[in-house]
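Results of the structural survey
For reference, the chains in residue letters:
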Amino acid sequence: MANPHFDISAAVVRQLGEELVSDEVTAIVELVKNAYDADATYAHVVVNTVDAPPGVESKFSKASGYVTIDDDGMGMNRADIERGWLMISLSGKRVMKAAGRTTPKGRTPLGDKGLGRLSTQKLGQNLELYTRKEGQAETLHVAFAWDAFTDDKSLSEVPVSIGPATKSARNKGTMLVISGLRNTEVWRGRAVEKLIADLSQIISPFAEARPFLVTLRIDGRPIDLGQVSAKIRGAAVGKFVINFVDGVMKLTGKFRLVKLRGNQDIDSYEQLLARDNGRAFFDYLKGRKAPVNFNLSEDPNFYLEFDYHLSLSALGGAEKVPSEEPDAPPVDANPGPFHAEIDEFLLRGDEVGAKLGGLANTNEVREIVQLHAGIKVFRDGFAIKPYGLNGEDWLRLSAQQTSASSYYGLRPQNIIGFVSISEAANGHLKEKTDREGFVSNPYSQNFRRIMIHAVDMIGSFYEWTRRNFNTYKAALPEQTKPFEGGRKAIADAESVARRLASYSKAARSLDTNATAARQKIAAVTTRIQQAPLLSSAAERELASLLTEAQQALEASQVLFSDLAGYATEAKELADIVAVLSPRLDVLADQLQDFSELAGLGLLAEALSHEVQNQTDRLMQKASAAVTRAKRSVPPNVDLLVLGQDVTAAASALRRQIGHLSPSLRYQRDKIETFPVSKLIEDIREHFADRWANDGIQSEIASGSADFAVKTNRGRLTQVVDNIVLNAEYWLKEARAREAGFEPKLTIAYTSPRLRLWDNAGGIDAAVEDALFEPFITLKPKDEGRGLGLFICAQILESMGCAISLLSERNEHGRRYIFELDLSGIVDG
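Residues numbered from 1 in each chain as written. Predicted model: local features only at pLDDT ≥ 70, side-chain atom pairs only at ≥ 80, totals over all residues. Heavy atoms only, no water.

Notes on the pairing of strand β1 (residues 42–48)
Judged from the six bridges that link them, β1 and strand β7 (residues 213–218) form a sheet pairing that is parallel. Pairing of Val 47 across the sheet is with Ile 218, part of β7. Inspection of the sheet shows β1 paired to strand β2 (residues 66–71) by six bridges, in the antiparallel sense. Across the sheet, Val 46 pairs through a bridge with Thr 68, a residue of β2. (Pairing = 2+ DSSP bridges. Helix = DSSP H or I, 4+ residues; strand = E, 2+ residues; numbered from the N terminus.)

Written out as structure tokens, the structure is:
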């Protein structure tokens with residue numbers, strides 16, 4: 001009697017195969033991956049929607065339609081088939097990967113679940129296998145039908161035939177034949193165009209990220225899988241490369257001058273940039289603080305190039321994983337080294353780009369970019385769905401496009417790019433069983449965070465360049481010929497009119513004299529011409545000269561007449577300018593109002609940023625008051641109600657902040673005199689409650705000396721709060737990263753300076769020179785906008801003060817001390 005044991009219904013395998021893949025493209029890609037794992041140099045895919053399957057040994061000669069996947073890989077012998085291929089979910093590849101072994105060509109297998117052959121049932125009803133292992137004497141033929149996997153039989157009872165394929169001329173490799181196509185319409189008409197487009201994206205079109213050749217033929221028609229050639233990439237207006245190695249992201253990029261042309265102000269581009277290839281504008285840029293290091297490009301076809309480095313540990317919000325070392329603090333979840341390239345294109349009017357790529361026109365560029373738009377992730381040459389496929393915007397480029405701070409950044413429909421990872425180096429980036437993206441874990445989250453930060457920095461540099469071009473355009477006319485207002489213009493016009501009027505009087509006098517002279521000359525000339533015999537030889541020689549003089553006087557009189565007309569027109573012009581003068585003054589006032597209104601945009605964003613900090617502070621104090629009210633005996637009901645009212649009011653303020661009216665007039669700040677020590681103590685007291693559970697300490701540095709300031713207390717508090725809140729964020733990050741870390745904020749003050757620093761690690765070199773520019777931050781997007789320190793600088797500047805990051809460096813080699821120069825508000 002046999003021992004009791006589990007068995008499985010054959011129908012379960014069919015059900016599993018149906019759920020493994022979502023569509024025909026995924027099924028084919030899984031089978032092509034098997035060819036890659038077998039060290040093949042190619043995989044030829046053939047689809048025939050009408051004929052019976054090839055091969056005289058075929059068991060399904062009456063089936064209609066087939067798909068073949070043919071490769072020159074290692075092939076299999078009978079033992080490989082029986083002990084491996086026919087054993088569902090038994091995968092020698094999984095064993096290889098676990099042991100760190102590779103194929104003879106050095107490939108780490110992509111598959112490891114032993115389920116790839118089940119995806120064939122998505123395509124057809126029958127499966128046949130022709131395979132020959134290198135060095136074997138014969139080709140083997142395996143065949144079975146998916147229809148045989150029914151509920152009434154166990155898996156071991158499904159009939160499978162194995163035998164020699166005597167008519168096969170194969171030397172090595174494998175050919176899968178899937179016959180009895182389930183959905184022939186997918187391979188015909190419009191549906192096949194979408195399928196081809198999907199397949200051309202999933203099998204890498206980039207030579208740099210394609211490990212072997214894949215071809216496709218449908219009903220005898222060769223299909224171009226749309227490879228992105230070097231010619232197409234040569235037409236790019238911007239090119240960017242991202243390398244992540246040893247925990248450090250290195251970003252380099254370059255773009256052509258025409259990127260700054262825009263669609264609305266082509267004249268400014270031609271006059272200010274194209275005329276000198278942007279040299280004057282570059283000189284202007286070098287005097288500004290940029291978010292990245294930049295210079296003129298060494299490539300003569302490009303304008304600017306830049307580079308930017310950032311370590312994973314310095315990136316805000318980076319995920320941690322437990323260390324492999326016992327009792328060691330958590331470490332950064334390093335996704336492994338990867339390489340990415342992004343090409344940006346101008347899809348309209350970039351004939352220069354087409355010529356740089358060696359193309360006749362921009363049509364070919366536009367077609368390829370539209371087909372492959374997006375940034376895709378390829379593992380050993382195969383795309384990982386859904387990243388960048390069919391418009392999937394995993395890097396949130398569309399969101400940046402709608403943001404004022406990133407309007408000139410990368411646009412998803414104008415770029416093609418890839419991220420190249422490998423099974424060997426990026427094993428922590430695991431794909432889901434259904435091949436629809438990465439499993440969400442700290443490694444995949446950090447991978448996405450690094451890529452998002454890289455494209456954000458590209459957008460930041462673009463925006464910074466374009467914003468400075470706008471200020472450059474505005475400043476240039478002022479440098480050449482400043483406009484001093486309508487009154488000055490009318491005064492100049494009246495002066496010109498007066499001068500022309502005086503010239504007109506002189507012209508009339510000259511005209512009268514010229515008329516008299518013409519009459520005398522005419523008389524002499526007539527006498528000489530009428531009585532030549534009575535004239536002397538000298539008079540006869542003079543006759544022709546007098547004629548020329550008379551003609552010159554006639555021409556002069558015409559000019560005098562014109563001059564009189566010009567004088568009249570000048571008087572009319574002066575009258576027109578006199579009318580325009582007050583209108584120009586009104587326009588100047590309107591421009592001033594417009595400038596102030598435009599400034600409200602940044603002010604509104606700054607205010608929305610700050611209201612979160614200030615209402616949070618208010619609610620913290622209200623919460624502490626409520627706690628004290630509850631603890632008092634008897635409970636202080638009035639204080640309790642007041643605390644709740646304050647909390648409700650602060651919440652309402654947050655909701656209403658979006659409804660600020662730009663027409664409001666601002667009241668003058670209340671000015672008072674108070675000691676810096678009192679301000680600092682109030683701030684420390686507030687944050688002590690906030691930091692109670694985080695172990696963050698604050699201290700006053702020895703040698704501090706108190707001094708008084710005269711200003712608005714709230715505005716100075718706002719500045720210090722911003723710096724302290726930044727310190728709080730990075731102290732918490734350091735505490736999460738290092739076990740036993742003791743977070744501490746230190747404050748020092750001696751007239752007229754106030755200094756603040758923390759022990760979290762310092763400011764990353766990538767942003768230290770642009771720290772007080774807007775939108776510069778290493779925090780995740782949902783954690784900060786990069787406005788806090790910019791606001792601090794603006795507030796202090798309005799008070800006659802300043803903020804700086806001192807050059808002194810900590811043990812990590814980073815600058816870390818913020819200094820507030822309060823000279824403008826020191827009392828006395």
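After that view, the rundown keeps rolling.
Details of the pairing of strand β16 (residues 374–379)
Of all six residues that make up β16, six are buried, and the element is covered over most of its length. Residues of β16 alternate between two faces, with Gly 374, Lys 376 and Phe 378 on one and Ile 375, Val 377 and Arg 379 on the opposite face, all of them buried. Taken together, the six bridges between β16 and strand β18 (residues 415–421) define a ladder with parallel strand orientation. Looking across to β18, one finds that Ile 375 is bridged to Gly 417. Of the pairings in the sheet, the one linking β16 to strand β17 (residues 382–383) comprises two bridges and is antiparallel in character. Residue pairing for β17: Phe 378 is matched across the bridge by Ala 383. Hairpin remark: β16 followed by β17, antiparallel, with two residues in the connecting loop; positive phi at Asp 380, about 50°. (Buried < 20%, exposed > 50% of the residue type's maximum accessible area, 1.4 Å probe, protein only.)

Overview of the sheet that holds strand β24 (residues 802–805)
Read across the sheet, five strands follow the order β20-β22-β23-β25-β24 without closing on themselves; strand pairing throughout is mixed. Looking along the sheet, the strands with just one partner apiece sit at the ends: β20 (697–700) and β24. With direction set aside, neighbouring strand axes in the sheet form an average angle of 15°. In this structure, strand β23 (residues 753–758) lies alongside strand β25 (residues 818–821), joined through four bridges in antiparallel fashion. Bridge pairing in β25 links Leu 754 to Leu 820. Together, β24 and β25 form the strand contacts of helix α18 (residues 788–798), whose direction differs from that of β24 by roughly 140°. (Axes fitted to C-alpha atoms, helices over the stretch in contact; angles between N-to-C directions. Contact = heavy atoms within 4.5 Å.)

With respect to the packing of aromatic side chains
Geometry of an aromatic ring pair is reported as the spacing of the ring centres plus the angle between the planes. As enumerated under the stated definition, the model contains 29 aromatic pairs in all. With a centroid separation of 5.0 Å and an interplanar angle of 40°, the aromatic rings of Trp 146 and Phe 149 are classed as tilted. Seen in terms of ring centroids, Phe 438 and Phe 447 are 5.9 Å apart; in terms of plane orientation they differ by 90°. Their pairing is edge-to-face. For Phe 438, a relative accessible area of 7% gives the class buried. In textbook terms, an aromatic cluster arises when at least three aromatic residues are bridged by ring pairs, as seen for Phe 240, Phe 255, Phe 282, Phe 294, Tyr 303, Phe 306, Phe 461, Tyr 462 and Trp 464. Directly above the ring of Tyr 462 sits Lys 259, whose terminal nitrogen or CZ lies 4.4 Å from the centroid. (Phe/Tyr/Trp six-rings, centres within 6.5 Å; stacked < 30°, edge-to-face > 60°. Lys NZ or Arg CZ within 6 Å of the ring centre and 35° of its normal.)

Some points on the pattern of salt bridges
Tallying each qualifying case throughout the model produces 26 salt bridges. Here Arg 379 ties to Glu 431 by a salt bridge, and the two come within 3.0 Å at their closest N and O atoms. Taken together, the residues Arg 379 in strand β16 and Glu 431 in the loop between β18 and α12 (442–480) connect sequence positions 52 residues apart. Neither Arg 379 nor Glu 431 differs from the other in exposure class; each is buried. The partner of Arg 713 in a salt bridge is Asp 682, with the nearest N and O atoms 3.9 Å apart. Placement of Arg 713 in helix α17 (residues 713–737) and of Asp 682 in helix α16 (residues 676–690) is noted, with a sequence separation of 31 residues between them. Residue classification places Asp 682 among the partly exposed positions, given a relative accessible area of 25%. A single network of salt bridges, built from pairs that share partners, joins Arg 233, Lys 239, Glu 341 and Asp 343. (Salt bridge = Lys/Arg side-chain N within 4 Å of Asp/Glu carboxyl O.)

Details of the nonpolar core
Counting residues in each nonpolar core, the largest one holds 112 residues, and the members touching the most others are Tyr 308, Val 419, Phe 447, Leu 754, Leu 820 and Leu 822. Considering each element in turn, this core owes the most residues, 15 residues, to α12. Once residues lying within four places of it in the same chain are set aside, the contact partners of Phe 447 are Pro 335, Phe 338, Val 377, Trp 394, Val 419, Ile 421, Leu 429 and Phe 438. In terms of nonpolar packing, the next biggest core, distinct from the first, is built from 65 residues, Trp 85, Ile 178, Ile 203 and Val 214 among them. (Core = buried A, V, L, I, M, F, W, Y, C linked by side-chain atoms within 4.5 Å.)

Quick look at the sheet that holds strand β12 (residues 304–311)
Read across the sheet, eight strands follow the order β11-β12-β10-β9-β15-β18-β16-β17 without closing on themselves; strand pairing throughout is mixed. Since the sheet does not close on itself, it has two edges, and those belong to β11 (293–296) and β17, each with one partner. Pairing geometry for strand β15 (residues 338–344) and β18, over six bridges, is antiparallel. Pairing of Glu 341 across the sheet is with Phe 418, part of β18. The sheet strands contacting helix α10 (residues 363–372) are β16 and β18, and the helix crosses β18 at an angle near 50°.

Comments concerning the side chain of Thr 711
Structurally, the position occupied by Thr 711 is in strand β21 (residues 708–711). Judged by its relative accessible area of 4%, Thr 711 is buried. With residues up to four places along the chain from it excluded, the contact list for Thr 711 reads Lys 670, Ile 671, Glu 672, Phe 674, Leu 716, Met 799 and Ile 825.

Looking at helix α3 (residues 78–85)
Of all the positions in α3, only Ile 81, Gly 84 and Trp 85 are classed as buried. The buried side chains of α3 occupy one side of the element, clustering within an arc of 105° when seen end-on. Of the surrounding elements, those touching the buried residues of α3 are β3 (124–132), β4 (140–145), β5 (161–164) and β6 (173–181). Two or three places before Ala 79, at the start of α3, stands the capping residue Asn 77, its side-chain oxygen 3.2 Å from that residue's backbone nitrogen. (Arc of directions from axis to C-beta. Polar contact = N/O pair within 3.5 Å; in protein donor to acceptor, adjacent residues only side chain to side chain.)

A word on the environment of Val 369
Here Val 369 is to be found in helix α10. By relative accessible area, Val 369 is classed as buried at 0%. A sequence separation of 46 residues divides Val 369 from Ile 415, and the C-alpha atoms of the two residues are 6.9 Å apart. In contact with Val 369, other than residues within four places in its own chain, are Phe 345, Leu 347, Gln 413, Asn 414, Ile 415 and Ile 416.

By themselves, these observations are geometric and do not establish any function.
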